[in-house]
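Structural characterization, general
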Amino acid sequence: MSTVTCIAPVNIAVIKYWGKRDETLILPANDSISATLDTDQLCAKTTVMASPHFKEDCIWLNEKEEDIRNPRLQNCLAEFRKRAGSSTTLGKWKIHICSKNNFPTAAGLASSAAGYACLVAALAKLYEVEGDISSIARVGSGSACRSVLGGFVRWHMGSDPKGTDSIAKQIVPASYWPEMRVLILVVHDVQKKVSSAIGMKRGMETSELLRYRVKHIIPEAANKMHKAIIEKDFKSFAELTMKDSNSMHATTLDTYPPCVYLNNISHAVIDLIHSYNNAVNDTKVAYTYDAGPNATLYLLEKDVPEVMGVIDYFFPALQDNLVEYRKGLPIETVKPPQDLLNKINIQEHEPGCFKYIIYTQVGDGPKYLKNPKDHLLNNKGLPIR
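Presented here is an overview of the structure given in this document. (Residues numbered from 1 in each chain as written. Predicted model: local features only at pLDDT ≥ 70, side-chain atom pairs only at ≥ 80, totals over all residues. Heavy atoms only, no water.)

**Section: the nonpolar core**
Core analysis: the biggest nonpolar cluster contains 106 residues, and Phe237 and Phe354 have the highest contact counts within it. In terms of residue count, the dominant contributor to this core is helix α2 (residues 111–126) (12 residues). With near-sequence residues (within four places) excluded, Phe237 lies in contact with Val14, Phe152, Trp177, Met180, Met225, Ala228, Ile229 and Tyr298. (Core = buried A, V, L, I, M, F, W, Y, C linked by side-chain atoms within 4.5 Å. Buried < 20%, exposed > 50% of the residue type's maximum accessible area, 1.4 Å probe, protein only. Helix = DSSP H or I, 4+ residues; strand = E, 2+ residues; numbered from the N terminus. Contact = heavy atoms within 4.5 Å.)

Structural data, given as structure tokens:
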């Protein structure tokens, strides 16, 4: 019996992956760039166990047994078993997988990216596979390839039809820009009507704007973002982040029929951020949205107390939800001066627009947990309840 337990992070893109040039191999239509978030606040945890006594492969996700025959999952397993080859008997053994997130799966926080990155990192350790594993994670979930690395990461679209050069590479480690912070505003909302996979496919088929974006806008924007990160130029980083988010969601509206992922609260947050930046005559906060209504805000540590105070003022929490409302790192909030609030030209909203707010930072890639108490499977290969 051989057992490996691993945790892996969520990543939030600042230059979005939206559109594939190959649906089967999960090859993107453009480069993308993301920040890996700290696993102390957001992570997937996975235990993989191989044994000659197991009768069949099994998987449990968030305490529910799932169908192991998922094609993307099977592709990941097949690749590792192929790479392990005849050098190990492990490749012939059946495997049990147990995975769970320390954040709500339905929160729209890229749970599949963290989950597949975690699975791939654990399998690499189990099968003693070395070298690049981002291409295997990509086959599971496109953006998962960015979560196998820490800090700021660029997923290169590549040009090989077989995808051999469509891999993720670290731009800089988390320690390079230690002042960077992230606020995630989780909006009350139902499950999205159109999945990201369907939205991308429909967009590539019907949106001229999306095709223009991937060919003419992203190549230059990605290089500018890469440079802004290297130079720790927050103003350029922030403006590029917001413009790219707006661009992606413009293509979803240009898709036919349109895919609408933002709601009224999402748009109100956009208004707030622009109004706040104008009021302080500086670009201190950037927003970005994946395929859902939740806002991810990037800002520097020194600005967090005032920005959090502004958010609390215009989007107050429900009084009976204060204990569970703020998650992650401790936040010291300062009450914004009245003259600043007067300059921010948006309306105050009713309490309870957000389920909760997560405060986090840029972090490292997957980590292996060596203590047997951290395993999610018992010595019989069954989930520990």
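Next comes the rest of the description.
**Considerations on the sheet that holds strand β15 (residues 326–328)**
Taken in spatial order, the five strands of this open sheet run β13-β14-β12-β16-β15, and their pairing is mixed. Edge positions in the sheet fall to β13 (285–288) and β15, since each has one partner strand and no second. Shown here is a sheet whose adjacent strand axes are inclined to one another by a mean of 25 degrees, direction ignored. (Pairing = 2+ DSSP bridges. Axes fitted to C-alpha atoms, helices over the stretch in contact; angles between N-to-C directions.)

**Describing the layout of surface pockets**
Computed from the structure, the second largest pocket encloses a volume of approximately 290 Å³. Lining the second largest pocket are 13 residues; nearest its centre among them are Glu79, Ser135, Arg138, Val139 and Lys162. When residues of the lining of the second largest pocket are traced back to their parent elements, those giving at least two are α1 (71–84) and α3 (134–140). By residue number, the principal contributor to the lining of the second largest pocket is α1, which donates five residues. Looking at the lining of the second largest pocket residue by residue, the classes come out as four nonpolar, four polar and five charged. (1 Å grid on protein atoms, 1.4 Å probe; cavity = no way out; pocket = protein on both sides within 12 Å on 5 of 7 lines; lining within 4 Å. Points joined across faces, edges and corners; volume = space filled by probe spheres on them. Nonpolar A, V, L, I, M, F, W, Y, C, P; charged D, E, K, R; others polar.)

**Let's talk about α2**
Taking 1.5 Å per residue as the helical rise, α2 with its 16 residues ought to reach 22 Å, and the 22 Å between its terminal C-alpha atoms agrees with that figure. The buried count for α2 comes to 13 of 16 residues, which makes it a mostly enclosed element. One or two positions beyond α2, positive phi appears at Glu128, with a value near 55 degrees. (Expected span 1.5 Å × (residues − 1).)

**Some details on the pattern of salt bridges**
This structure, assessed with the given rule, holds 16 salt bridges. Of the charged contacts in the structure, one is a salt bridge between Arg81 and Asp57, with a shortest N-O distance of 3.1 Å. Of this pair, Arg81 sits in helix α1 while Asp57 is found in the loop between β6 (43–51) and β7 (58–61), placing the two residues 24 residues apart along the sequence. Through salt bridges with shared partners, a single ionic network connects Glu79, Lys82 and Arg83. (Salt bridge = Lys/Arg side-chain N within 4 Å of Asp/Glu carboxyl O.)

**Focus: the packing of aromatic side chains**
Aromatic ring pairs are reported here in terms of the distance separating the ring centres and the angle at which the planes meet. In this structure the tally under the stated criterion is 11 aromatic pairs. Considering the side-chain rings of Tyr17 and Trp155, the 4.7 Å spacing of their centres and the 65 degrees angle between planes classify their relative orientation as edge-to-face. Placement of Tyr17 in the loop between β2 (11–15) and β3 (20–22) and of Trp155 in strand β10 (residues 152–155) is noted, with a sequence separation of 138 residues between them. Each member of the pair, Tyr17 as well as Trp155, is classed as buried. Taking 6.1 Å as the distance between ring centres and 50 degrees as the angle between the ring planes, the aromatic pair formed by Tyr287 and Tyr289 counts as tilted. Feature note: the residues Phe152, Trp177, Phe234, Phe237 and Tyr298 constitute an aromatic cluster, connected by ring pairs. Above the face of the Tyr368 ring, Lys125 is positioned so that its terminal group lies 4.9 Å from the ring centre. (Phe/Tyr/Trp six-rings, centres within 6.5 Å; stacked < 30°, edge-to-face > 60°. Lys NZ or Arg CZ within 6 Å of the ring centre and 35° of its normal.)

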